[in-house]
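Structure assessment
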Amino acid sequence: MPTTRRRRSRNRQPDISPECWAIMNDMPLPADARKFHVFALEHDTCPWFSGGLNLRKSWDRYGADIVAQWAMDHPGTRPTCWWRFSAPRLAADRPIAKADPEAWPALLTDLPTPRERFGGTGTPDFIPLCTLPRFHLGLPVRWITSSDIETYSLIGNSLDVPAIDPEDPPTFESQASYLHRLNLLLPGEADRLPADAFEPETIVMEAVDGDD
């Protein structure tokens, strides 16, 4: 029996700035984007800065519709703001959440549960350096490199962890595998998954020093 479906608009909502809408939809920023406005949006959850612009509140209001449309256009994946605000949170008893709880008590309780690692050689920087864990789309952003090992050795601090190996890079489950494992695929989304949706994802060396 035919059903009536509500078509979710890709158009920006009138009460949201073009910059905010672009960020929430992983779209390019407008050519005339206001740099401080973008900075305020992207750092609204940082404890040392408050721009009076709350990206989280906008996501809470429109995120469900954005994800529904996103899952139609890009099944088996989620936009950056979903990982930032809506993904399952990291359990407090996981070792990764104990990097430096005295320095980052609030932020360490609001990290997304990362994707499961399958193999490869490399160490996220927060493990030996006790820095704030950072993730992008469920994957660690910063990795210890061979130059890091050498630099810390010169100052008498052996990191004693393997650097990322371009010949054997770390591999993780795909976004689709993550969503399927945690029962987070939307109704009908599994039927639209591409053939390679469950292929493991490899950390690319060019992206190792990225910060997005």
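Residues numbered from 1 in each chain as written. Predicted model: local features only at pLDDT ≥ 70, side-chain atom pairs only at ≥ 80, totals over all residues. Heavy atoms only, no water.

Comments concerning the pattern of salt bridges
Inspection of the entire model under this criterion finds five salt bridges. Notably, a salt bridge pairs Glu189 with Arg78, separated by 2.8 Å at the nearest N-O pair. Highlighted residues: Glu189 in the loop between α7 (175-181) and β5 (201-202) and Arg78 in the loop between α3 (55-73) and α4 (80-86), separated in sequence by 111 residues. The partner of Arg181 in a salt bridge is Glu173, with the nearest N and O atoms 2.5 Å apart. Relative accessible area serves as the criterion here: at 34%, Arg181 is assigned to the partly exposed category. By relative accessible area, Glu173 is classed as buried at 2%. Beyond isolated ion pairs, a larger network of salt bridges with shared partners links Glu116, Glu173 and Arg181. (Salt bridge = Lys/Arg side-chain N within 4 Å of Asp/Glu carboxyl O. Helix = DSSP H or I, 4+ residues; strand = E, 2+ residues; numbered from the N terminus. Buried < 20%, exposed > 50% of the residue type's maximum accessible area, 1.4 Å probe, protein only.)

A short note on the environment of Phe126
With respect to the helices and strands, Phe126 occurs in helix α5 (residues 126-129). Along the sequence, Phe126 and Arg142 sit 16 residues apart, while their C-alpha atoms lie 8.0 Å from each other.

Things to note about the nonpolar core
Counting residues in each nonpolar core, the largest one holds 23 residues, and the members touching the most others are Met24, Leu55, Trp59, Cys81 and Trp82. Secondary-structure elements contributing two or more residues to this core are α1 (18-24), α2 (35-42), α3, α4 and α7. Sorting elements by how many residues they give to this core places α3 first, with five residues. Those residues in contact with Trp82 that lie beyond four places of it in its chain are Trp59, Val67, Ala87, Pro88, Tyr178, Leu179 and Leu184. Residues Leu139, Trp143, Ile164 and Ile203 belong to the second largest nonpolar core, which totals five residues. (Core = buried A, V, L, I, M, F, W, Y, C linked by side-chain atoms within 4.5 Å. Contact = heavy atoms within 4.5 Å.)

Overview of α2
Within the sequence span of α2, burial applies to His37, Val38, Ala40 and Leu41. Down the axis of α2, the smallest arc covering the buried residues is 160°, so these residues share one side. Across α2 from its buried face, at more than 90 degrees, point the exposed residues Lys35 and Phe36. Against the buried residues of α2 lie α1, α3 and α4. (Arc of directions from axis to C-beta.)

Keep in mind these numbers describe shape, not what the thing actually does.
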